[in-house]
Amino acid sequence: MAFIPPDSRKPVFRFAPSPNGRLHLGHALSALTNEALARKAGGRLLLRIEDIDLARSRPEFVAGIIEDLGWLGIVFEPGIRRQSRHFEDYGAALRRLQARGLVYPCFCSRQEIRAEVAAREAGTGRPWPLDPDGAPLYPGRCKALAPEEAARRIAAGAPHVLRLDMAKALAATGNALGYVVFEADGSRREVEVRPERWGDVVLARKDVPTSYHLAVVVDDALQGVSHVVRGRDLEAATDIHVVLQRLLGLPTPLYHFHRLLLDEDGRKLAKSRQSESLAELRAEGVQPADIRRQLGFS
Ligand code: GLU
């Protein structure tokens, strides 16, 4: 893999949607923010399709993304990277972490994790810690598994994920880790990360040989992305990305986290809540200029 160090050429921005539904206004905000900041920086703008979830990604959604972005008038550089075609790149990164003993297989199902967390809470009378997304930290049962036993189960075909041993990872990265946030007005600030609040995150899933965290880190480096512009919902996950970048010897881009659009109930817009898609808005006669204006871009 040849990694392009950021800052060595024009700034590189990317919009990276997952094709498991039609784009809605929240995506438009993200894409338009990328466009505006890339333009301001005289940078390049890439489109990446994050379709590692083969069960949820659908070709018609990829076509829909391209259609909707074209309709909005956002111009991307030719050459769309589709993550599902690059599992080998993520596998290579994973093997490097495995070779350093930073990854372990985990055979626990979600129910088993929930049951163990409940048992520990009952035992201590204290709530079990949750990660920033509200999921319980992995209690660590498989971390204690003898390597021979883990190998035996894998050979027998037992379904498993691969987890990052966060304590070991942080011992390996050493000193305090951080990254730089940039704002539209050009100001910058340093942020120190607290990856331990995520615990032993999954780097490869049962059904997919990678995870969002690993793929996004590898791709941002492979594509020479220097400026990551994404929603505040991914701000906390950046801590994990910085650890992975350090472990893999990859550069850490600059980050900008844009606001999230909320629906009438104050919840984040999401495909699962049937927020109106750009395609539906278009069918109702809404124009791209209306959307740009509504979101604060004119
Ligand atoms: N694919 C992610 C999403 O659609 C965004 C990834 C990123 O910007 O880092 O939420």
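Quick caveat: nothing in here was measured; it's all calculated off a predicted structure.

**Student:** Explain helix H6 (residues 166–173) here, please?
**Tutor:** The periodicity of an α-helix, 3.6 residues per turn, causes residues three or four positions apart to be oriented the same way. Turning to H6, its buried residues number three or more, namely Met-166, Ala-169 and Thr-173. Along the axis of H6, the buried residues cluster in a sector spanning 60°; they form a single face. Facing away from the buried side of H6 by more than 90 degrees, the exposed set consists of Ala-167 and Ala-171. Those residues of H6 hidden inside the fold are in contact with strand S5 (161–164) and helix H8 (238–248). At the C-terminal side of H6, Gly-174 shows a positive phi close to 70°.

**Student:** Sorry if this is basic, but what is going on with the layout of surface pockets here?
**Tutor:** Rolled over the atoms, a probe with the dimensions of a water molecule shows which regions are left empty. In this model, the second largest pocket occupies a volume close to 220 Å³. Taken together, 15 residues make up the lining of the second largest pocket; nearest its centre are Thr-33, Glu-183, His-256, Phe-257 and His-258. Those elements that provide at least two residues to the lining of the second largest pocket are helix H1 (25–41) and strand S10 (254–258).

**Student:** Would you mind showing me how to read the nonpolar core here?
**Tutor:** One broad trend across soluble globular proteins is that nonpolar side chains are buried collectively. Among the nonpolar cores identified, the biggest contains 44 residues, and Leu-97, Leu-164, Tyr-179, Leu-203 and Leu-214 are the most heavily contacted of them. Taken together, the elements giving at least two residues each to this core come down to helix H3 (87–99), S5, H6, strand S6 (178–182), strand S8 (202–204), helix H7 (212–222), H8 and S10. When residues in this core are grouped by element, the largest group, 7 residues, is from H7. Leu-32, Leu-37, Phe-182 and Phe-297 belong to the second largest nonpolar core, which has 29 residues in total.

**Student:** I'm lost on the sheet that holds S5 in this one. Help?
**Tutor:** Strand pairing in a sheet relies on backbone hydrogen bonds, with the paired strands running either antiparallel or parallel. Taken together, the 3 strands give an open sheet; going across it, the order is S4-S5-S8, and neighbouring strands pair in antiparallel fashion. At either margin of the open sheet sits one strand with a lone partner, and together these are strand S4 (103–106) and S8. Here the average twist between neighbouring strands, direction ignored, is 45°.

**Student:** Explain the packing of H7 against H8 here, please?
**Tutor:** If you want to describe how two helices pack, look at the angle between their axes and the distance between the axes. Between H7 and H8, the shortest axis-to-axis distance is 9 Å and the interhelical angle comes to 55°. By the angle class used here, H7 and H8 are oblique. Between H7 and H8 the crossing geometry is right-handed. In this structure, H7 uses Tyr-212, His-213, Leu-214, Val-216 and Val-217 to contact H8, whose residues at the interface are Ile-240, His-241, Leu-244, Gln-245 and Leu-248. Here the contact of H7 with H8 is built from residues that sort into 7 nonpolar, 3 polar and no charged.

**Student:** What is the right way to look at the packing of aromatic side chains in this model?
**Tutor:** For any pair of aromatic rings, geometry is given as the distance between the ring centres together with the angle between the planes. For the structure on display, the rule yields 6 aromatic pairs. Centre to centre, the rings of Tyr-179 and Tyr-255 are 5.2 Å apart; their planes meet at 70°, and the pair counts as edge-to-face. A residue pair is termed long-range when its members are at least 10 positions apart, and Tyr-179 in strand S6 and Tyr-255 in strand S10 qualify at 76 residues. Take Tyr-179 and Tyr-255: they sit in the same class, and that class is buried. Consider the rings of Tyr-179 and Phe-257, whose centres lie 6.3 Å apart with planes at 75°: the pair is edge-to-face.

What counts as what
- Residues numbered from 1 in each chain as written.
- Predicted model: local features only at pLDDT ≥ 70, side-chain atom pairs only at ≥ 80, totals over all residues.
- Heavy atoms only, no water.
- Buried < 20%, exposed > 50% of the residue type's maximum accessible area, 1.4 Å probe, protein only.
- Helix = DSSP H or I, 4+ residues; strand = E, 2+ residues; numbered from the N terminus.
- Arc of directions from axis to C-beta.
- Contact = heavy atoms within 4.5 Å.
- 1 Å grid on protein atoms, 1.4 Å probe; cavity = no way out; pocket = protein on both sides within 12 Å on 5 of 7 lines; lining within 4 Å.
- Points joined across faces, edges and corners; volume = space filled by probe spheres on them.
- Core = buried A, V, L, I, M, F, W, Y, C linked by side-chain atoms within 4.5 Å.
- Pairing = 2+ DSSP bridges.
- Axes fitted to C-alpha atoms, helices over the stretch in contact; angles between N-to-C directions.
- Parallel < 35°, antiparallel > 145°, perpendicular 65-115°, else oblique.
- Left-handed = near helix turned anticlockwise from the far one by under 90°.
- Nonpolar A, V, L, I, M, F, W, Y, C, P; charged D, E, K, R; others polar.
- Phe/Tyr/Trp six-rings, centres within 6.5 Å; stacked < 30°, edge-to-face > 60°.

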